[in-house]
Structure formats: C-alpha cells, structure tokens
Amino acid sequence: MTALLEIRHASKIFGGKTFTGKQKQGTVALNDFSMTVHEAPPTITAVVGESGSGKTVSLLAVMGLITDPNAIITGSIAYRGRELVGLPAKEMRKLRGREMAMIFQDPMTALTPVYTIGWQIAEQILAHEKVSKQAAWQRAIDLLAEVNIPNPAEAVHR
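Reading the values: rules and limits
- Residues numbered from 1 in each chain as written.
- Predicted model: local features only at pLDDT ≥ 70, side-chain atom pairs only at ≥ 80, totals over all residues.
- Heavy atoms only, no water.
- Helix = DSSP H or I, 4+ residues; strand = E, 2+ residues; numbered from the N terminus.
- Buried < 20%, exposed > 50% of the residue type's maximum accessible area, 1.4 Å probe, protein only.
- Contact = heavy atoms within 4.5 Å.
- Areas by Shrake-Rupley, 256 points an atom, 1.4 Å probe, with all protein chains shown as cover.
- Polar contact = N/O pair within 3.5 Å; in protein donor to acceptor, adjacent residues only side chain to side chain.
- 1 Å grid on protein atoms, 1.4 Å probe; cavity = no way out; pocket = protein on both sides within 12 Å on 5 of 7 lines; lining within 4 Å.
- Points joined across faces, edges and corners; volume = space filled by probe spheres on them.
- Nonpolar A, V, L, I, M, F, W, Y, C, P; charged D, E, K, R; others polar.
- Salt bridge = Lys/Arg side-chain N within 4 Å of Asp/Glu carboxyl O.
- Expected span 1.5 Å × (residues − 1).
- Arc of directions from axis to C-beta.

Participant: Would you take a moment to explain the overall build of the chain for this structure?
Facilitator: Regarding its fold elements, the chain presents five helices and four strands. When burial is assessed residue by residue, the chain has 25% of its 158 residues classed as buried. Here the contacts in the chain between residues at least 6 apart in sequence split such that 53% fall between residues at least 24 apart. Roughly 11100 Å² of accessible area belongs to the chain as shown, and the carbon and sulfur atoms make up 57% of that amount.

Shown next, in the form of structure tokens:
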C-alpha cells in the first residue's frame, strides 16, 4: 500500500535568541515522531492525543505553517513521496488547500470576521484553480450547500 504521508524521526525545536539578543536554550516541541498514513479509498484520518502531546505542532510542521525563523525541523516529512522539509514556501502553498488541508480545533477562529464567508472561500478557490471570480463565488455557494448551511446564497455575504 502506498504511503500518502510518511513522517520519520521528525523533531521540532523552538529556540534562537531572546529579545535582548542573547542565545536561549531550545524547547523541544516534538521529539523523534514517526507515523505513516496509507493512501486508501477516501477516508478521514484524525490525530488524537492528550493536550500538549504535539498533535498541533506535528501537523503544522506537515503543512509548513510554522514560520518562526528560530524553529528547526529535523527528520523527514514526505507527502506522496515528495519531501516537504525544506520545500520552498511557494511550493508548499501549491499543495495546501489543493491536496492537503488541516481543520483546526477551534471553529471560532476558522474564519476572520473582517471578510465575508464567500470571499474567504472564493479566495482559496482562485488561488488553486483557473476559474473566474464569478465561478469561484458560485463554487463557494455550492460548498456551503454541500455542508447543509441554510440559505447558502445569503450565507456567503455574512
């Protein structure tokens, strides 16, 4: 069976310098973590564990969403055989939202109140697909309908 995601001996260390410029000791947020998710018929994979066990840090590393310049990732994180550790940000952006996604624990912070729901969904569609703004907007409405949001044509304007 082909590995969809393979993490081998991944560690994440937050360290670097304090605001005064002095070197500080690194904090190990993830230590020698390994796991494999096999490609299979459409499934949902969930990562569960107690608070502080490294779930979020692990998956933020997979998604390339830890931007702290003092953070160090070691080991290997491969998606469909493609090494993600050290992959340029532009290449990671091509994968995120199109081939991989992360659903965060706090639904209250999933959408920003500064933009409409429709704008936030359409923005992602436009970033990954060559479609018109009108087509992206309609797709946003269709997606809201798929997840049973009442009155999706109105909801996109909220």
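That shown, we press on.
Participant: Teacher, can you tell me more about the side chain of Ser11 here?
Facilitator: Mapping Ser11 onto the fold places it in strand β1 (residues 3–17). Among the polar contacts made by the side chain of Ser11, one reaches the main-chain amide nitrogen of Asp32 at a distance of 2.9 Å. With near-sequence residues (within four places) excluded, Ser11 lies in contact with Leu30, Asn31, Asp32, Ile72, Ile73 and Thr74.

Participant: Would you mind showing me how to read the layout of surface pockets here?
Facilitator: Where empty space is left can be seen by rolling a probe of water-molecule size over the atoms. Approximately 320 Å³ is the volume found for the second largest pocket. Around the second largest pocket, the lining is made up of 18 residues, and of these Gly64, Ile66, Ile73, Leu87 and Met92 lie nearest the centre. The residue inventory of the lining of the second largest pocket, partitioned by class, reads eleven nonpolar, three polar and four charged.

Participant: I tried to follow the pattern of salt bridges on my own but got confused; where do I start?
Facilitator: A side chain of one charge can pair with a side chain of the opposite charge when the charged atoms of the two come close. The tally for this structure, following the rule as stated, stands at six salt bridges. Arg80 is paired through a salt bridge with Glu99; the nearest N and O atoms lie 3.6 Å apart. One end of the pair, Arg80, is in the loop between β3 (71–79) and β4 (82–83); the other, Glu99, is in the loop between α2 (89–95) and α3 (117–128), with 19 residues separating them in the sequence. Among the residues examined, Arg80 registers a relative accessible area of 47% and is labelled partly exposed.

Participant: For this particular structure, what's the right way to read helix α4 (residues 133–146)?
Facilitator: Because an α-helix completes one turn every 3.6 residues, residues spaced three or four positions apart along the sequence face the same direction. Taking 1.5 Å of rise per residue, 14 residues should cover 20 Å, and α4 covers 20 Å from first to last C-alpha, within 8% of that figure. Of the residues making up α4, those classed as buried are Ala136, Ala140, Ile141 and Leu144. Buried positions in α4, seen along its axis, are confined to an arc of 145° and lie on one side of it. The exposed set on the far side of α4, more than 90 degrees from its buried face, consists of Gln134 and Glu146. At the C-terminal side of α4, Asn148 shows a positive phi close to 60°.

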